[in-house]
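Architecture and fold: a report
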Amino acid sequence: MAAILITGGAGFLGSYVCERLLALGHSVVAFDMSNGEKIEHLLSNPSFRFVQDSILNAPALEREIDRSDIVVHFAAIADPKRYVMEPLVTLQIDLQGALNVFQMASKRKAKVIFASTSEVYGKNPRVPWKETDDRVLGSTHVNRWCYATAKAAGEHYCYAYHQSEGMTFVTYRFFNVYGPRLDDLGSGRVLPIFLKQCLQDEPITIHGDGSQTRTFVYVEDAADGVVRGMFEKQAENQVFNIGSSQELSILELAQKLKEVGKFSSSITTVTHQEVFGNSYEDIPRRVPDVSKSKKILKWEATTSIEDGLFKTIEYYRRRSQGQCAQV
Ligand code: UDP
């Protein structure tokens, strides 16, 4: 059994990965600056420990990495509103924090599992994207691209540390992971925003005309992919797309949400500029090619969008009625 450190382990996807690793009998430390609400239910497990700290606190991070066989690096600022509004903090955490992890894990000879993002493909118009496809990014004066740039630099660091220091890694590019515990209702990513609007019977605010597309992968499926690759020899020192193949426009997502949750909200549009000013540029289509993950990880998303939305709606409904904590 392995000693596994998860930076960002008290975050959304991290909390599900902690659950899975504990169920497999590993010892798990979640290193996270949040208040730990999402992993409260794990605190009584003797194989689990929560360290509330920042990955920019190098001595604290090193103390934990020095006791680990595997370091899963999930801690990052990944919320579009935050990286548009706070680019400096985003770069510090997503770039300097990652560098801390790679340096220390490399010294310790621990395996690194790195959370990257579908954002690294940028706005490449030729979907679906294979892991080897080009990155097409906008100009640096648009804050939106600082997140994609930091994550892509993290990927380069993985290859470079592998080449120069023999570090072993697996990198995942996640495509719009969703499910219970995502963000607070009304904030962060598109689903909690739409859901708050639906639950309060307010209009759903579509940015632009709603023709931009995404694929949404249910969090339990994504956590399954993460854990499979972590222990798969053939996956070492490679990058994998973790996403669903079902492409949906944001307008279709709003309609599906209304249908599955039986909501009566109307649908309205606002321009991107009204929401983000000039520091944002949307991605017209985002679709992964998951053939490599299927072949090497023996993984694909299996939860239908209807089932995943149903579970997510039920969770947020209970939370909005004060009937459940984060879990
Ligand atoms: N979006 C929207 N209305 C909202 C929030 C988001 O139409 O209130 C759109 C957003 O402009 C983007 C898509 O939903 O096209 C997904 O946004 P999200 O913030 O979840 O992350 P992204 O996939 O862009 O990284």
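One structure accompanies this document, and this report is about it. Just so it is clear, the model here is predicted, and its values are computed rather than measured. (Residues numbered from 1 in each chain as written. Predicted model: local features only at pLDDT ≥ 70, side-chain atom pairs only at ≥ 80, totals over all residues. Heavy atoms only, no water.)

1. Looking at the site of the ligand
Around the ligand, the structure places 18 residues, and the nearest of them are Val190, Thr205, His207, Arg214 and Asp282. Backbone polar atom of Val190 to an oxygen atom of the ligand: 2.8 Å apart, as the coordinates give it. The separation between an oxygen atom of the ligand and a polar side-chain atom of Arg214 is 2.7 Å. In isolation the ligand exposes 520 Å². Once the protein is present, 94% of that is buried. Of the residues that constitute the shell around the ligand, the class distribution is 7 nonpolar, 5 polar and 6 charged. (Near = heavy atom within 4 Å. Polar contact = N/O pair within 3.5 Å; in protein donor to acceptor, adjacent residues only side chain to side chain. Areas by Shrake-Rupley, 256 points an atom, 1.4 Å probe, with all protein chains shown as cover. Nonpolar A, V, L, I, M, F, W, Y, C, P; charged D, E, K, R; others polar.)

2. Digging into the pattern of salt bridges
Enumeration over the complete set of coordinates arrives at 22 salt bridges. A salt bridge links Arg67 to Glu64; the shortest N-O distance between them is 3.7 Å. Assessed through its relative accessible area of 49%, Arg67 is described here as partly exposed. The class for Glu64 is buried, based on a relative accessible area of 6%. (Salt bridge = Lys/Arg side-chain N within 4 Å of Asp/Glu carboxyl O. Buried < 20%, exposed > 50% of the residue type's maximum accessible area, 1.4 Å probe, protein only.)

3. Remarks on the state of the cysteines
According to the stated counting rule, one finds 0 disulfides in the structure shown. The thiol sulfur of Cys146 is not disulfide-bonded, and the nearest other cysteine sulfur, from Cys158, lies at 19 Å. Classification of Cys158 as buried rests on a relative accessible area of 0%. (Disulfide = S-S within 2.5 Å.)

4. Overview of the packing of helix α4 (residues 87–108) against helix α5 (residues 145–165)
Put simply, α4 and α5 touch, their axes get as near as 10 Å, and they point 15° apart. If you check the angle between α4 and α5, you find them roughly parallel. Relative to α5, α4 is oriented so that their crossing is right-handed. Touching Pro87, Thr90, Leu91, Asp94, Leu95, Leu99, Phe102, Gln103 and Ser106 of α4 are Cys146, Tyr147, Ala150, Ala153, Gly154, Tyr157, Cys158, Tyr161 and Glu165, all from α5. (Axes fitted to C-alpha atoms, helices over the stretch in contact; angles between N-to-C directions. Helix = DSSP H or I, 4+ residues; strand = E, 2+ residues; numbered from the N terminus. Parallel < 35°, antiparallel > 145°, perpendicular 65-115°, else oblique. Left-handed = near helix turned anticlockwise from the far one by under 90°. Contact = heavy atoms within 4.5 Å.)

5. Some details on the sheet that holds strand β4 (residues 70–73)
Read from one edge to the other, the open sheet built from 7 strands follows the order β3-β2-β1-β4-β5-β6-β11, with strand pairing classed as parallel. The outermost strands of the open sheet, each flanked by one partner alone, are β3 (48–52) and β11 (238–242). On average, each strand axis in the sheet is tilted by 20° relative to the strand beside it, whichever way the strands run. Summarising the sheet, strand β6 (residues 169–174) and β11 pair through 5 bridges and their orientation is parallel. Each bridged residue has a counterpart across the sheet, and for Val170 the counterpart in β11 is Gln238. Where α4 meets the sheet, it contacts β1 (3–7), β4 and β5 (111–117), and its direction lies at approximately 170° from that of β4. (Pairing = 2+ DSSP bridges.)

6. Things to note about the environment of Ser211
By the secondary structure assignment, Ser211 is in the loop between β8 (204–207) and β9 (213–215). Along the chain, Ser211 and Ala2 lie 209 residues apart, while their C-alpha atoms are 45 Å from each other. The residues touching Ser211, leaving out its near neighbours within four places in the chain, are Ser249 and Pro284. At a separation of 2.7 Å, a polar atom in the side chain of Ser211 contacts the side chain of Asp209.

7. A closer look at the layout of surface pockets
Of the pockets and cavities examined, the second largest pocket occupies roughly 180 Å³. If you trace the second largest pocket, you find 19 residues lining it, with Ser244, Ser245, Gln246, Ala301 and Thr303 closest to the centre. The class makeup of the residues in the lining of the second largest pocket is 8 nonpolar, 8 polar and 3 charged. (1 Å grid on protein atoms, 1.4 Å probe; cavity = no way out; pocket = protein on both sides within 12 Å on 5 of 7 lines; lining within 4 Å. Points joined across faces, edges and corners; volume = space filled by probe spheres on them.)

8. Description of the environment of Ser116
As for its position among the elements, Ser116 is in strand β5. Ser116 sits in the buried class, given a relative accessible area of 4%. Separated by 56 residues in sequence, Ser116 and Tyr172 have C-alpha atoms that sit 5.5 Å apart. Among the polar contacts listed, one links the side chain of Ser116 to the side chain of Glu155, at a separation of 2.5 Å.

9. Describing empty space enclosed by the protein
Empty space among the atoms becomes apparent when a probe as large as a water molecule is rolled across them. For the structure on display, the rule yields 1 cavity of 30 Å³ or more. Roughly 50 Å³ of volume is contained in the largest cavity. Those elements giving two or more residues to the lining of the largest cavity turn out to be β7 (177–178) and α6 (190–199). It is α6 that contributes the most residues to the lining of the largest cavity, 3 residues altogether.

In short, geometric facts, not functional conclusions.
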